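Geometric and topological summary
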Amino acid sequence: MTGSTGGRITGWGAHLPEKVITNEDLAQTLDTNHDWIVERTGIHRRHIGGSTSEMSIHAGQQALDSAGVTGDDIDLVIVATTTPDQLMPGTSAAVQAELAIAGGACDMQAVCSGFSYGLVAANGLLATGLERILVIGADALGERVDWDDRSSAILFGDGAGAVVIERSDTPTLLGFDLGADGSLRHIGYADHGGFITMDGKEVFRAAVRAVTSSANKAMANAGVTIADIDWFVPHQANIRIIESIAGRLGLPMEQAIVTIAETANNSAATIPIALDTAVRDGRIAPGDLLLLGGFGFGMTWASAVLRWDPR
Ligand code: UT7
């Protein structure tokens, strides 16, 4: 499933809860240590504590402010999350009310790939007539982690990132690839009321395979090669996964945006937080070509090639 349409990101924002849990904190109750966690994952800290709606509202408000618009100007809010505040209604309902969004509201569940799925879906909806969409990736994985299980407690955190995307005559989504292999549902899941259970090694292997192949399809679809890409904005699950994918794509790690040391894996939030970080610190500049690439339980994956043109 590939294609290209005409939307342009004009605003961005991110939010991490104040409470920080360091590797040293975890080592006080678990049989683990800072060096192992850093060497095997790249993670130093994780932020824990917000509800998905609270974090979405903070990040969403920032994105609206940075685009210079209000909720009144938004035709739809999409909240990509795997940790909705409630089974029903969708978390997007709370966001719609709090940000006074004039248009519709819906949630999207593709786990860690959710934000990129939302971005591609938003582009399609802009092509059919909507003017402006707020896409949020937000997750509170701290609630789904067994803090007594060292294999998963070290990996996850909470956070939210958001973008405003507007209809534009100049397409900036040059190509994308969305995919899934539901026969791999067993390698990572959480049941209702349960904790995250995963086969870490299998997720690692499948992720590297899926993202590499998907990124190549998205670049082919966009008519570009890895040499054209200025920045790779990957899902932040494990620094070694990012390094393996970059190596297979032939992309120097200096061109990968890495925020995992601070954020850990906060699922649908990692890509928009990485994007927000690199735009605010000046690495991503107008005209740059971005490759977004991620994967999530399901298994799902999504890649997008974007021209950064916030104007
Ligand atoms: O969005 C998707 C979310 N999930 C993922 O992305 C998970 C992807 N997988 C991973 O990130 C990695 O597989 C892990 C970080 C989960 C594990 O890293 P690994 O390099 O695959 O380690 P391992 O499971 O092969 O374990 C190596 C050793 C084992 O000890 P022995 O058998 O060699 O003596 C483990 O028992 O490290 C031990 N170990 C730990 N030691 C200290 C496992 N977890 C820990 C720990 N602290 N937290």
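Residues numbered from 1 in each chain as written. Predicted model: local features only at pLDDT ≥ 70, side-chain atom pairs only at ≥ 80, totals over all residues. Heavy atoms only, no water.

**Comments concerning helix α10 (residues 270-280)**
Selection rule: Accessibility here uses a 1.4 Å probe with only protein chains present; expressed as a share of the type maximum, an area under 20% marks a residue as buried, one over 50% as exposed, and anything in between as partly exposed. A run of DSSP states H or I qualifies as a helix once it reaches four residues; a run of E qualifies as a strand once it reaches two. Both are numbered from the N-terminal end.
In terms of burial, α10 is largely enclosed, as nine of its 11 residues are buried. Taken together, the buried positions of α10 are Thr270, Ile271, Pro272, Ile273, Ala274, Leu275, Asp276, Ala278 and Val279. Just downstream of α10 lies Gly282, where phi reads positive at about 90 degrees.

**Re the nonpolar core**
Most often, soluble globular proteins have nonpolar side chains that are buried together. Going by this rule: Only buried Ala, Val, Leu, Ile, Met, Phe, Trp, Tyr and Cys residues count toward a nonpolar core, and they belong to the same one when joined by side-chain atoms within 4.5 Å. Note on contacts: a residue pair qualifies if any of its non-hydrogen atoms lie within 4.5 Å across the two residues.
Formed by 49 residues in total, the largest nonpolar core has its most connected members in Ile229, Ile241, Leu291, Phe295, Met299 and Val305. Elements represented by at least two residues in this core include exactly α7 (200-222), α8 (239-249), β12 (289-296) and β13 (300-307). Examining the composition of this core, we find that 11 residues originate from one element, α7, more than from any other. Dropping the residues within four chain positions of it, Met299 is found in contact with Gly179, Ala180, Asp181, Gly182, Leu184, Ile187, Ala206, Ala207 and Ala210. Leu76, Leu119, Leu173 and Ile271 belong to the second largest nonpolar core, which has 33 residues in total.

**So, the packing of helix α3 (residues 52-67) against helix α4 (residues 91-98)**
Note the cut-off: To obtain an axis, a line is fitted to C-alpha atoms, over the contacting stretch when the element is a helix, and the angle between two such axes runs from 0 to 180 degrees between their N-to-C directions. The cut-offs work like this: below 35 degrees is roughly parallel, past 145 is roughly antiparallel, 65 to 115 is roughly perpendicular, and the gaps in between are oblique. Crossings are assigned a handedness: left-handed for a near helix turned anticlockwise from the far helix by less than a right angle, right-handed for a clockwise turn.
Running from N to C, α3 and α4 cross one another at 45 degrees; their axes reach a closest spacing of 9 Å. Regarding the angle of α3 to α4, the classification is oblique. The chirality of how α3 crosses α4 is right-handed. The residues of α4 that touch α3, namely those facing Thr52, Ser53, Ser56 and Ile57, are Thr91, Ala94, Val95 and Glu98.

**Describing the sheet that holds strand β5 (residues 104-108)**
Threshold: The criterion for strand pairing is that DSSP finds at least two bridges linking the strands in question.
Spatial ordering of the open sheet is given by β1-β7-β6-β4-β5, a layout of five strands whose pairing is mixed. With one partner strand each, in any of the chains shown, β1 (7-15) and β5 form the two edges of the open sheet. Looking at each pair of strands side by side, their axes are set apart by 20 degrees on average, direction ignored. Sheet topology places strand β4 (residues 76-80) next to β5; five bridges connect them, and they run parallel. Within β5, the residue paired with Ala80 across the bridge is Met108.

**Examining the domain arrangement of the protein**
Quick reminder of the rule: In this entry, domain limits derive from an automatic or database-based domain assignment. The term buried area refers to how much accessible surface (probe radius 1.4 Å) is lost by two components on association, counted for both of them together. Whenever a carboxyl oxygen of Asp or Glu lies within 4 Å of a side-chain nitrogen of Lys or Arg, that contact is scored as a salt bridge. Here a polar contact is taken to be a pair of N or O atoms separated by no more than 3.5 Å, where protein atoms must pair a possible hydrogen donor with a possible acceptor and residues adjacent in sequence count only if both atoms sit in side chains.
Domain annotation of the protein identifies domain 1 (7-167) and domain 2 (173-307). One C-alpha centre belongs to domain 1, the other to domain 2; they are set 15 Å apart. Of the roughly 3600 Å² buried between domain 1 and domain 2 on both sides combined, carbon and sulfur atoms contribute 64%. Joining domain 1 to domain 2, the criterion identifies one salt bridge. A salt bridge links Glu262 to Arg45; its shortest N-O distance comes to 3.0 Å. Inspection of the domain 1/domain 2 interface yields 20 residue pairs in polar contact (both at pLDDT 80 or more). Within the residue set of the side of domain 1 that touches domain 2, elements represented by two or more residues are β1, α2 (34-41), β3 (45-47), α5 (114-127), β6 (132-140), α6 (150-153) and β7 (158-167).

**As for the pattern of salt bridges**
Under the definition given, this model contains nine salt bridges. Two residues, Glu131 and Arg167, come together in a salt bridge whose shortest N-O distance is 2.7 Å. Taken as a pair, Glu131 in the loop between α5 and β6 and Arg167 in strand β7 lie far apart in primary sequence, 36 residues in all. When its relative accessible area of 39% is taken as the criterion, Glu131 is described as partly exposed.

**Some thoughts on the pairing of β12**
For β12, the tally of buried residues reaches eight of eight residues, placing the bulk of the element in the interior. Summarising the sheet, strand β11 (residues 231-234) and β12 pair through four bridges and their orientation is parallel. Bridged to Pro234 within β12 is Gly293. The pairing of β12 with β13 spans eight bridges and is antiparallel.

**Considerations on the site of the ligand**
To be explicit about the condition: One heavy atom within 4 Å of a molecule or strand is enough for the residue carrying it to be called near that molecule or strand. Methods summary: accessible areas were calculated by the Shrake-Rupley approach with a probe of 1.4 Å, and residue burial reflects only the protein chains presented. Residue type decides the class: Asp, Glu, Lys and Arg count as charged, Ala, Val, Leu, Ile, Met, Phe, Trp, Tyr, Cys and Pro as nonpolar, and the leftover types, Gly among them, as polar.
For the ligand, the set of nearby residues contains 23 residues, the closest of which are Thr32, Arg40, Lys201, Asn238 and Arg240. Here Arg40 contributes a side-chain N or O atom positioned 2.6 Å from an oxygen atom of the ligand. His235 has a polar side-chain atom sitting 3.2 Å from an oxygen atom of the ligand. Burial of the ligand by the surrounding chains reaches 72%, relative to a free accessible area of 950 Å². Elements with a contribution of two residues or more to the shell around the ligand: α2, α7 and α8. In terms of residues, the shell around the ligand owes the most to one element, α7, which gives four residues. Looking at the shell around the ligand residue by residue, the class counts come to 12 nonpolar, six polar and five charged. When residues of the shell around the ligand are sorted by domain, at least three fall in each of domain 1 (7-167) and domain 2 (173-307).

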